[in-house]
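The primary structure of each chain is shown beneath.
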Amino acid sequence: AQSVTQPDIHITVSEGASLELRCNYSYGATPYLFWYVQSPGQGLQLLLKYFSGDTLVQGIKGFEAEFKRSQSSFNLRKPSVHWSDAAEYFCAVGARNNNDMRFGAGTRLTVKP
Amino acid sequence: ETGVTQSPTHLIKTRGQQVTLRCSSQSGHNTVSWYQQALGQGPQFIFQYYREEENGRGNFPPRFSGLQFPNYSSELNVNALELDDSALYLCASSPPGTSGRNEQFFGPGTRLTVL
């Protein structure tokens, strides 16, 4: 079965600084990859997804992610972080042969003024 | 367009009791998935319903069961509640033809506390 690792439990960045959140997956074929954001007390909002094709995908709120097959990674980036980006970020992987979507443990982002 | 809604928002139960959580899928969506999110963890897949039939299940015991109705709304039932069942329960719906790609839209969740 597929699995996801988010190596960073908590990241703090200054407002206006760039951001990169790491995600590594394990799956034998090309996976479906997702990044979700969760604000306190809220459900999950999809930021972006990768199914196939161009390995650099653009999402909402100025986020982008790059699929690197050789590194089994799908890192999330944003060139300039805003205070409103403070939240929990989850990477998820879906398989083409089942309906089980696996989530990482999440990375909590704190934004310093 | 109404998104995914869940009820109740919060719930407190005691060990051994039974609970039913409800989910209304987004308009036009025919697939519903349920997830358990323990505090400080990512969501874990419980099961998925498609056309009123269970269509995949995660590593959860049989006391976790579900239903999907003809209008595609869904219920999650948990029997014999245990303290470790305390969590945020998330429902997600998918449009027709995309369940294989897991394009899921999440509701705000139900916070269950078991005392």
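Above this text is the structure in question.
Residues numbered from 1 in each chain as written. Chains lettered and ligands numbered in written order. Predicted model: local features only at pLDDT ≥ 70, side-chain atom pairs only at ≥ 80, totals over all residues. Heavy atoms only, no water.

**Considering the overall build of chain A**
Consideration 1: Assigned secondary structure in chain A consists of zero helices and twelve strands.
Consideration 2: Along chain A, from the amino end to the carboxyl end, the secondary structure elements read β-β-β-β-β-β-β-β-β-β-β-β.
Consideration 3: Taking 2.2 N^0.38 as the reference for a compact globule, 113 residues should give roughly 13 Å; the C-alpha atoms of chain A span a radius of gyration of 13 Å, in line with that estimate.
Consideration 4: By its C-alpha atoms, chain A is 45 × 30 × 20 Å across when sized along the principal axes.
Consideration 5: Looking at chain A residue by residue over its 113 residues, the buried ones come to 47%.
Consideration 6: By element, 47% of the accessible surface of chain A is carried by carbon and sulfur atoms, the whole surface being about 5200 Å².
Consideration 7: The averaged location of the 9 negative side-chain charges in chain A is 3 Å from the averaged location of its 11 positive side-chain charges. (Helix = DSSP H or I, 4+ residues; strand = E, 2+ residues; numbered from the N terminus. Rg over C-alpha atoms; globule rule 2.2 N^0.38 Å. Buried < 20%, exposed > 50% of the residue type's maximum accessible area, 1.4 Å probe, protein only. Areas by Shrake-Rupley, 256 points an atom, 1.4 Å probe, with all protein chains shown as cover. Lys, Arg positive; Asp, Glu negative; His and termini not counted. Charge placed at Lys NZ, Arg CZ, Asp CG, Glu CD.)

**Focus: the interface of chain B and chain A**
Consideration 1: At the junction of the two partners, chain B supplies 20 residues and chain A supplies 20 residues.
Consideration 2: Where chain B abuts chain A, roughly 1600 Å² becomes buried across the two surfaces, and 52% of that area is made up of carbon and sulfur atoms.
Consideration 3: Summed over the shared surface of chain B and chain A, the result is zero salt bridges.
Consideration 4: Seen at the junction of chain B and chain A, the total is two residue pairs in polar contact (both at pLDDT 80 or more).
Consideration 5: Elements that contribute at least two residues to the side of chain B that touches chain A include exactly strand E4 (31-37), strand E5 (44-50) and strand E9 (87-94) of chain B.
Consideration 6: Its residues assigned to classes, the side of chain B that touches chain A comprises seven nonpolar, eleven polar and two charged. (Contact = heavy atoms within 4.5 Å. Buried area = accessible area lost by both parts, 1.4 Å probe. Salt bridge = Lys/Arg side-chain N within 4 Å of Asp/Glu carboxyl O. Polar contact = N/O pair within 3.5 Å; in protein donor to acceptor, adjacent residues only side chain to side chain. Nonpolar A, V, L, I, M, F, W, Y, C, P; charged D, E, K, R; others polar.)

**Topic: the sheet that holds strand E7 (residues 64-68) of chain B**
Residues and elements named next belong to chain B.
Consideration 1: In spatial order, the strands read E1-E3-E8-E7; together these four strands make up an open sheet with antiparallel pairing. Because the sheet does not close on itself, it has two edges, and the strands there are strand E1 (5-7) and E7. Sheet twist, expressed as the average angle between the axes of neighbouring strands with direction ignored, equals 20°.
Consideration 2: Inspection of the sheet shows strand E3 (residues 19-24) paired to strand E8 (residues 74-78) by five bridges, in the antiparallel sense. (Pairing = 2+ DSSP bridges. Axes fitted to C-alpha atoms, helices over the stretch in contact; angles between N-to-C directions.)

**Observations concerning unusual backbone geometry**
Consideration 1: The omega torsion across Ser-7 of chain B and Pro-8 of chain B is -10°, close enough to zero to call that bond cis.
Consideration 2: As for its position among the elements, Pro-8 of chain B is in the loop between E1 and strand E2 (10-13).
Consideration 3: Of note, the phi angle at Lys-61 of chain A is positive, near 60°, even though the residue is not glycine.
Consideration 4: With respect to the helices and strands, the residue Lys-61 of chain A is situated in the loop between strand E7 (56-58) and strand E8 (64-68).
Consideration 5: Lys-61 of chain A gets classed as partly exposed once you look at its relative accessible area, which sits at 46%.

**What to know about the environment of Asn-59 of chain B**
Residue and element names in this part refer to chain B.
Consideration 1: Relative to the elements of secondary structure, Asn-59 occurs in the loop between strand E6 (53-57) and E7.
Consideration 2: Residue class for Asn-59 comes out exposed when judged on its relative accessible area of 78%.
Consideration 3: Asn-59 sits 13 residues away from Ile-46 along the chain, and the two C-alpha atoms are 6.9 Å apart.

**Details of the pairing of E5 of chain B**
Residue and element names in this part refer to chain B.
Consideration 1: Most of E5 is tucked away, with five of its seven residues classed as buried.
Consideration 2: Sheet topology note: the E4/E5 ladder contains six bridges and is antiparallel. Each residue of the ladder has a partner; that of Thr-31, found in E5, is Tyr-50.
Consideration 3: Two successive antiparallel strands, E4 and E5, enclose a turn made up of six residues, where Gly-40 displays a positive phi of approximately 80°.
Consideration 4: Following E5, the chain reverses through two residues before pairing antiparallel with E6; Arg-51 in that reversal takes a positive phi of roughly 50°.

**What about the pattern of salt bridges?**
Consideration 1: Taken as a whole and assessed by the stated rule, the structure comprises eight salt bridges over all chains.
Consideration 2: Notably, a salt bridge pairs Arg-77 of chain A with Glu-64 of chain A, separated by 3.2 Å at the nearest N-O pair. Note that Arg-77 of chain A is positioned in strand E9 (residues 73-78) and Glu-64 of chain A in strand E8, a separation of 13 residues in sequence.
Consideration 3: Arg-63 of chain B serves as the salt-bridge partner of Glu-82 of chain B, at 3.3 Å between the closest nitrogen and oxygen. Taken together, the residues Glu-82 of chain B in the loop between E8 and E9 and Arg-63 of chain B in the loop between E6 and E7 connect sequence positions 19 residues apart.
Consideration 4: A relative accessible area of 17% means that Arg-63 of chain B is categorised as buried.

Purely geometric stuff here, so don't read any function into it on its own.
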